[in-house]
Amino acid sequence: MLYPNDGDVPGLDVSWSYSGFHMFRQWLAEAEGFVLTEMHGYGGDRPWTGVSTTLTPLLHHPDDGGPDLTPAQCAAMLPRLEEIARRPPAGDDPDVLGGRVEDLRRLIAVLRRCLDEDVGLGFG
């Protein structure tokens, strides 16, 4: 679950199963032009320093726990995520793509709340 860490327990969040979150992040990595499973921490040897994307804080983070992403990191990721939502990568099954885009829109809403409240993005 990703949520604004503002203490509003029943508040806005986006959640997946572990495998669903992994597939969502694989989809984002592909949109950024790399294969997530080639990266260090995902079974590969490719270092994160070799990838240039504002989405690195989201993609290179433990599935749950770990430090919150800062409001500044959220702000840096937001424009790219909005762009992907407007023009999602082609090639996915339309039903799968629709689900990914819907999840992405929910994540965007969570990030906007983080910025509005000036709080971090929690992973849980």
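One can find the structure itself at the top, above this paragraph.
About the criteria used
- Residues numbered from 1 in each chain as written.
- Predicted model: local features only at pLDDT ≥ 70, side-chain atom pairs only at ≥ 80, totals over all residues.
- Heavy atoms only, no water.
- Salt bridge = Lys/Arg side-chain N within 4 Å of Asp/Glu carboxyl O.
- Helix = DSSP H or I, 4+ residues; strand = E, 2+ residues; numbered from the N terminus.
- Buried < 20%, exposed > 50% of the residue type's maximum accessible area, 1.4 Å probe, protein only.
- Axes fitted to C-alpha atoms, helices over the stretch in contact; angles between N-to-C directions.
- Parallel < 35°, antiparallel > 145°, perpendicular 65-115°, else oblique.
- Left-handed = near helix turned anticlockwise from the far one by under 90°.
- Contact = heavy atoms within 4.5 Å.
- Phe/Tyr/Trp six-rings, centres within 6.5 Å; stacked < 30°, edge-to-face > 60°.

Enquirer: What am I meant to see in the pattern of salt bridges here?
Expert: Side chains that differ in charge, positive against negative, can pair when their charged atoms come close. Inspection of the entire model under this criterion finds 7 salt bridges. The salt bridge partner of glutamate 83 is arginine 80, with a shortest N-O separation of 3.3 Å. Taken together, the residues span about one helical turn, with glutamate 83 and arginine 80 both in helix α3 (residues 71-86) at a distance of 3 residues. By relative accessible area, which is 29% here, glutamate 83 ends up partly exposed. Notably, a salt bridge pairs arginine 113 with glutamate 117, separated by 3.8 Å at the nearest N-O pair. Of this pair, arginine 113 and glutamate 117 are both found in helix α4 (residues 94-117), 4 residues apart, which corresponds to roughly one turn of the helix. On the basis of relative accessible area, glutamate 117 is assigned to the partly exposed category, the value being 42%. Linked by salt bridges that have partners in common, Glu32, Arg80, Glu83 and Arg87 make up one network.

Enquirer: Could you clarify how one ought to interpret the packing of α3 against α4 in this entry?
Expert: How two helices pack is summed up by the angle between their axes together with the distance between the axes. Remark: α3 packs on α4, axes separated minimally by 9 Å, with the N-to-C direction vectors making an angle of 150°. Relative to α4, the element α3 is oriented roughly antiparallel. In this structure, α3 crosses over α4, and the sense of that crossing is left-handed. Counting all contacts with α3, which are made through Pro71, Cys74, Ala75, Met77, Leu78, Leu81, Glu82, Ile84 and Ala85, the residues of α4 involved are Val101, Leu104, Arg105, Leu107, Ile108, Leu111, Arg112, Cys114 and Leu115.

Enquirer: Is there a simple way to think about the packing of aromatic side chains in this case?
Expert: Two aromatic rings, taken as a pair, are described by how far apart their centres are and by the angle between their planes. This model, assessed by the stated rule, comprises 6 aromatic pairs. Arranged with centres 6.0 Å apart and planes meeting at 35°, the rings of phenylalanine 24 and tryptophan 27 form a pair that is tilted. With phenylalanine 24 and tryptophan 27 both in helix α1 (residues 18-31) and 3 residues apart, the pair spans about one turn of that helix. Each member of the pair, phenylalanine 24 as well as tryptophan 27, carries the same accessibility label: buried. A network of ring pairs unites the aromatic residues Trp16, Phe21, Phe24, Trp27 and Phe123 as a single cluster.

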